[in-house]
Amino acid sequence: SFAIARRLNRKITIFIGPPNSGKTYTAFERLAQAAAMPEGQGAYLAPLRLLALEGRDRLVARGVPCSLLTGEENVP
C-alpha cells in the first residue's frame, strides 16, 4: 500500500503530551525551522478553525510563508 508515499524522503513528527506542556510552541518552532530550509515545508494540523487561524497568524508574524486551508476558507 502507498508505494509512492513510502519512497518519499519525509520526516513526520507528532507532539503528544498533557495540556500546557509546550507542544504547540515546540511544534511551531520546528515548523518555522523547516520552512527556513531549502525546499523546506511542513504542515500544522489543528483540531479547531480558530487554532488554525492563530497558528497561521503566528507563522506569518515571524515571516514564515504560510497557507491556510479549512473547511470554510482557503488562503494560499
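Presented here is an overview of the structure given in this document. (Residues numbered from 1 in each chain as written. Predicted model: local features only at pLDDT ≥ 70, side-chain atom pairs only at ≥ 80, totals over all residues. Heavy atoms only, no water.)

**Quick notes on the packing of helix α2 (residues 23-36) against helix α3 (residues 49-61)**
Move 1: Relative to each other, α2 and α3 sit at 45°, their axes nearing to 11 Å. As far as their axial angle goes, α3 and α2 are oblique. Along this stretch, α2 crosses α3, giving a crossing that reads as right-handed. Two secondary-structure elements touch here, α2 through T24, Y25, F28, L31 and A32 and α3 through G55, R58 and L59.
Move 2: The residue inventory of the contact of α2 with α3, partitioned by class, reads five nonpolar, two polar and one charged. (Axes fitted to C-alpha atoms, helices over the stretch in contact; angles between N-to-C directions. Helix = DSSP H or I, 4+ residues; strand = E, 2+ residues; numbered from the N terminus. Parallel < 35°, antiparallel > 145°, perpendicular 65-115°, else oblique. Left-handed = near helix turned anticlockwise from the far one by under 90°. Contact = heavy atoms within 4.5 Å. Nonpolar A, V, L, I, M, F, W, Y, C, P; charged D, E, K, R; others polar.)

**What to know about a nonpolar patch on the surface**
Move 1: A grouping of I12, I14 and I16 is seen on the molecular surface, where their side chains present a nonpolar patch of about 410 Å² in accessible area.
Move 2: Relative to the assigned elements, I14 resides in the loop between α1 (3-7) and α2. (Patch = residues over 30% accessible without salt bridge, like charges linked within 9 Å, V, L, I, M, F, W, Y side chains within 5 Å. Areas by Shrake-Rupley, 256 points an atom, 1.4 Å probe, with all protein chains shown as cover. Salt bridge = Lys/Arg side-chain N within 4 Å of Asp/Glu carboxyl O.)

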